[in-house]
Amino acid sequence: MGYNKKTYALGSKRSVIREIFEYSKTRAAEIGAENVYDFSLGNPSVPAPAEVNDAIRELLDTQSSVLLHGYTSAQGDAGVRRAISDSIKSRFGIENITPNHIYMTCGAAASLSICLKAVIEEGEGDECIAFAPFFTEYRVFVENAGAKLVISQPKAKSFQIDMADFESRITPRTKAVIVNSPNNPSGVVYTEQTIISLCDILRKKSEEYGHVIYLIADEPYRELVYSGVTVPYLMSYYKNTLVCYSYSKSLSLPGERIGYIAVCPDMDGCEDIYLSVCGAGRALGYVCAPSLFQQVIARCIDAKVNIEIYKENRDLLYDSLTSYGYECVKPDGAFYLFVKALEDDAYRFCERAKAHEILVVPCDDFGVSGYVRIAYCTDKQRVLSALPAFKALAEEYKI
Ligand code: PLP
């Protein structure tokens, strides 16, 4: 039959997260949503900041239809790109960044797909390294761009990058490395020392193999960090960096599909790479990101969601679960708790959790087996109601 078997396979096999989410809806209809402890999906529960809704109203009341709903330049509105490059300059000290280094996109998924397509040469055997645990869609994006995904295993327990493992995965075919910090699903923020060591290895290997290895910084969770932890800005450590940013989590706007790519101005062949980004956006059909939300972003460049709500959930879950005997990394960022399953098979553990109406995600597809992810971007009340169920589940394993 004449259709694409690869895309058929992607479309016909639902992700494990979606599978659980669908089950959650069915179960909620049976026993009431308040009795289902669904921690499966990374959908922000904290509302978008008031500035966002104010900006939308103000824009609708004062601006022309063409500005609000018309096409922008393929790479995004010049004024919006200036607002973003000015913000990167003042926040991270990247003095020479300009609007011509920014490409507006439909969120981090589009940013990643574009960056990978822009640097990977299809048919050349390129490889792209990601660090476990990793966002499952990387495999889809990397393979779609024509490269092989290579996984580097983390340090046990801390889930920081294991430099020896990382170095051993780099080959003459390595074209790009994806870094996601704060991390989905572990919530770990890579330390500055980790980033320095990683960039030293990248420089050494680029020189050894005589070609650039690109660093792709996937940063939708950059603003979601707790207790004053800072997230190193990768361009400041490694010039061949492309930043994939998104407002999905930082402003709680995942349905609006808005974000950007920033190409480091000091990158080797920066202008050509930017053109390649533009070409990849064109080839993938990701031109002219949503116009209204480009304008909203320009007006809300410094707005932030109230992350205290996530922090409360994090503390409550971490303190309670560890007191019940669960083992987990204390997350410094994002809104996920990465918990060791109480048996080797995380799928079986999730099934037993389901009997207590707890819905969590097994992390085998994230590249680490024996762990589950709890997405705590939810009501505090749901966390409180779920605690006795988590306790009962732990006690079941002690018998
Ligand atoms: N990267 C990571 C690590 C994510 O967790 C997500 C979404 O959950 C994305 C990228 C995609 O984000 P967006 O909604 O901006 O496309």
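Definitions and cut-offs
- Residues numbered from 1 in each chain as written.
- Predicted model: local features only at pLDDT ≥ 70, side-chain atom pairs only at ≥ 80, totals over all residues.
- Heavy atoms only, no water.
- Near = heavy atom within 4 Å.
- Polar contact = N/O pair within 3.5 Å; in protein donor to acceptor, adjacent residues only side chain to side chain.
- 1 Å grid on protein atoms, 1.4 Å probe; cavity = no way out; pocket = protein on both sides within 12 Å on 5 of 7 lines; lining within 4 Å.
- Sits in = over half its atoms within 2 Å of the grid points.
- Helix = DSSP H or I, 4+ residues; strand = E, 2+ residues; numbered from the N terminus.
- Nonpolar A, V, L, I, M, F, W, Y, C, P; charged D, E, K, R; others polar.
- Phe/Tyr/Trp six-rings, centres within 6.5 Å; stacked < 30°, edge-to-face > 60°.
- Lys NZ or Arg CZ within 6 Å of the ring centre and 35° of its normal.
- Points joined across faces, edges and corners; volume = space filled by probe spheres on them.
- Domains from an automatic or database assignment.
- Contact = heavy atoms within 4.5 Å.
- Buried area = accessible area lost by both parts, 1.4 Å probe.

Caption draft 1: Structural view of the site of the ligand. Inspection of the region around the ligand gives 14 residues, with Ala108, Asp218, Tyr221, Ser246 and Arg257 positioned closest. Contact distances for the ligand include 2.9 Å between an oxygen atom and a side-chain N or O atom of Ser248. Interatomic distance of 3.0 Å between a side-chain N/O atom of Lys249 and an oxygen atom of the ligand. A majority-of-atoms criterion places the ligand in the largest pocket. Taken together, the elements giving at least two residues each to the shell around the ligand come down to α6 (107-119) and α10 (247-250). Split into classes, the residues belonging to the shell around the ligand amount to six nonpolar, five polar and three charged.

Caption draft 2: Broad picture of the packing of aromatic side chains. Scanning the entire structure with this criterion turns up 18 aromatic pairs. Joined through ring pairs, the aromatic side chains of Tyr221, Tyr310, Phe335 and Tyr336 make up one cluster. In this arrangement the basic side chain of Arg352 is found over the ring face of Tyr397, its NZ or CZ atom lying 4.1 Å from the centre. Against the face of Tyr23 rests Lys354, its NZ or CZ located 4.3 Å from the ring centre.

Caption draft 3: A look at empty space enclosed by the protein. On inspection of all chains with the given rule, the structure shows three cavities of 30 Å³ or more. Taken as a whole, the largest cavity encloses approximately 180 Å³ of empty space. Around the largest cavity sit 19 residues that line it, and Arg91, Glu223, Tyr245, Tyr247 and Ile301 are the ones nearest its centre. Looking at the lining of the largest cavity, the elements with two or more residues in it are α5 (78-92), β7 (241-246) and α10. A per-element tally of the lining of the largest cavity places α5 first, with five residues.

Caption draft 4: Representation of the layout of surface pockets in the model. Of the voids in this model, the largest pocket is the one considered here, and its volume is about 1400 Å³. Contributing to the lining of the largest pocket are 41 residues, with Phe135, Thr136, Glu137, Val140 and Phe141 lying nearest its centre. Elements supplying a minimum of two residues to the lining of the largest pocket: α1 (5-12), α2 (16-31), α6, α7 (137-145) and α10. Looking at the lining of the largest pocket element by element, the count peaks at seven residues for α7. Estimates place the volume of the second largest pocket at around 180 Å³.

Caption draft 5: View of the domain arrangement of the protein. Each assigned domain of the protein is listed here: domain 1 (5-49 + 306-396) and domain 2 (50-299). Measuring from the centre of the C-alpha atoms in domain 1 to the corresponding centre in domain 2 gives 26 Å. Taken residue by residue, the interface counts 30 residues in domain 1 and 35 residues in domain 2. Both faces considered, domain 1 and domain 2 share a buried interface measuring about 2600 Å² in area, 65% of it formed by carbon and sulfur atoms. Of all residues in domain 1, the largest losses of buried area upon contact with domain 2 belong to Pro49, Asp332 and Phe366, amounting jointly to 26% of the total for that side. Those elements that place two or more of their residues in the side of domain 1 that touches domain 2 are α13 (308-324), β9 (336-340) and β12 (371-375).

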